[in-house]
Amino acid sequence: MKRVLFSILLAVAISPALVSAGEDGTEILNQRCAECHNLTGPAPQTIRDLWKRDAPDLFYAGNKFRREWLVSWLQKPERLRPAGVNYLRTINSTPKKHQDTKKDAKQFDVLWGAVLKPLRHDILTGAEAEVVADALMQLKANEEQVAGMMLDTSKTVTLEQGEVLIDKVYGCQSCHQIEPGFGGYTGPELYTAGSRLQPEFMLSYIKRPRNWDPKIWMPNGNVKPEDLQKIVNYLILLAKEDYHATSD
Amino acid sequence: MQRAIRLVMTTAVVAWLLPSAVMAEEAYLNYKSYCMQCHGMHGKGDGVNVPAMNVRPRDHSDNKYMMTRTNTEIYKAIKFGGPAVNKSVKMPAWGDVFTEEELTQMVGHIRTLCCEKELIRGVNFK
């Protein structure tokens, strides 16, 4: 009898701790994520502040990400930006021993350091990822930027037409990769964008990146409204391709 | 009296140098944050994104070529992008990122990368 009573008492004493650890995603965010991620805003307003940023801003995560992508990524984090969040820290001139010694030879800048190793990011359990994703979806800053945005699914494009838009018409591919290893390094990969981001966010961000991140190094491409719809439709189509199956 | 004149002169020189020095740094910061990803850390058109690009970014230290471009042309290329000066779309328009003042400062900064000797000789790029 005594033992039963004791175990009941013990269970009562422990359960609030278990519940709060298991169910409060906001607490996990504040304890484990806030050190690197900005959860409250605003975005960096000067270049110097921008260079200090260690991880993507999350204060508008609820208007940016798709929940199902967050849940799976948080359990298996992978690098999205080949040059890291802050490309200024991760590039260097070609090391001396690899340099071409010919006169007037180009010395291309190269990626170096931690960015070449797998991403260092907290790995969450399935249950944690669910509650953290819920908490992130509550962070809804910049609501006014996505309010007027609507994806027009009738403006469909084929993969080839979309690639022409990305590469030849607007030159996005200089900084973004449209399949692994195919494109520039300083922007996030585009081949997962469609499954990662909400269509309204993509429309709004491509239209004017400054509205979300005033000093970001993505320029305003002056994309025509029709092409904007086509590009976002293309990105959603692109995300359905399975690159891990075809990359080898 | 002479000391007073000297004081006034130094103040004038310092006052003249100070804002220009601050401006130069801003243009350098802008160049580093936005242009460097393609034009490279030393402006030689050898940035980190270049291996994947089908059009090579301009080498800003190429004195011979840069001497044939006017300031207006460089200004237009930065503000409206490559197509505005019959060049590639791979050069995006930065008009939404830079203010008018930053744009003119950037043209000046690019001139220091390529044509510093000519600037001292007094070439008029307009």
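So, the overall build of chain B
A tally of regular secondary structure across chain B gives 5 helices and 0 strands. Put simply, chain B runs from its N terminus to its C terminus through helices and strands in the order α-α-α-α-α. Taking all 126 residues of chain B together, the buried fraction comes to 30%. Pairs at least 24 apart in sequence give 45% of the contacts found in chain B among residues at least 6 apart.

Remarks on the overall build of chain A
Helix and strand counts for chain A stand at 12 helices and 4 strands. When the 248 residues of chain A are sorted by exposure, 32% land in the buried category. Taking the contacts inside chain A whose residues are at least 6 apart along the sequence as the reference set, 68% of them involve residues at least 24 apart.

Overview of the interface of chain B and chain A
Interface size is commonly expressed as the accessible area that is lost once the parts come together. Across the contact, 24 residues belong to chain B and 29 residues belong to chain A. Among the residues forming the side of chain B that touches chain A, the class breakdown is 14 nonpolar, 5 polar and 5 charged.

Quick notes on the nonpolar core
With 41 residues, the main nonpolar core has Leu74, Val132, Leu136, Met202 and Leu235 of chain A as its most contacted residues. Where this core is concerned, the elements lending two or more residues are α2 (25-33), α4 (67-75), α6 (126-137), α10 (199-207) and α11 (225-239) of chain A. Excluding residues within four positions of it along the chain, Leu136 of chain A makes contact with Leu58, Ala61, Gly62, Phe65 and Leu70 of chain A. Core analysis: the second largest hydrophobic core is formed by 22 residues, Tyr34, Ala77, Ile78 and Met106 of chain B among them.

Observations concerning helix α3 (residues 71-80) of chain B
Residues and elements named next belong to chain B. Along α3, the residues classified as buried are Ile74, Ala77 and Ile78. The buried residues of α3 all sit within an arc of 95° when viewed along its axis, so they share a single face. The positive-phi residue at the C-terminal boundary of α3 is Gly81, with phi of around 90°.

What about the domain arrangement of chain A?
All names here are of chain A. You can read the domains of chain A as domain 1 (18-78 + 121-141) and domain 2 (142-248). At the interface, 14 residues of domain 1 touch 12 residues of domain 2. Classifying every residue of the side of domain 1 that touches domain 2 by side-chain character gives 8 nonpolar, 3 polar and 3 charged.

Brief notes about the packing of α2 of chain A against α6 of chain A
Residues and elements named next belong to chain A. Between α2 and α6, the least distance of the axes is 7 Å, while the angle of their chain directions is 90°. Taken together, α2 and α6 sit at an angle that is classed as roughly perpendicular. Facing Gly25, Thr26, Ile28 and Leu29 of α2, the residues of α6 in contact are Glu128, Val131, Val132, Asp134 and Ala135.

As for the environment of Thr192 of chain A
Residues and elements named next belong to chain A. In this fold, Thr192 is placed in the loop between β4 (182-183) and α9 (193-196). On the basis of neighbour count, Thr192 is assigned to the partly exposed category, with 19 C-beta atoms found within 10 Å. In this structure the C-alpha to C-alpha distance between Thr192 and Asn63, which are 129 residues apart in sequence, comes to 17 Å.

About the thresholds
Residues numbered from 1 in each chain as written. Chains lettered and ligands numbered in written order. Predicted model: local features only at pLDDT ≥ 70, side-chain atom pairs only at ≥ 80, totals over all residues. Helix = DSSP H or I, 4+ residues; strand = E, 2+ residues; numbered from the N terminus. Buried ≥ 20, exposed ≤ 12 C-beta atoms within 10 Å, placed from the backbone. Contact = placed C-beta atoms within 7 Å. Nonpolar A, V, L, I, M, F, W, Y, C, P; charged D, E, K, R; others polar. Core = buried A, V, L, I, M, F, W, Y, C linked by C-beta atoms within 7 Å. Arc of directions from axis to C-beta. Domains from an automatic or database assignment. Axes fitted to C-alpha atoms, helices over the stretch in contact; angles between N-to-C directions. Parallel < 35°, antiparallel > 145°, perpendicular 65-115°, else oblique.

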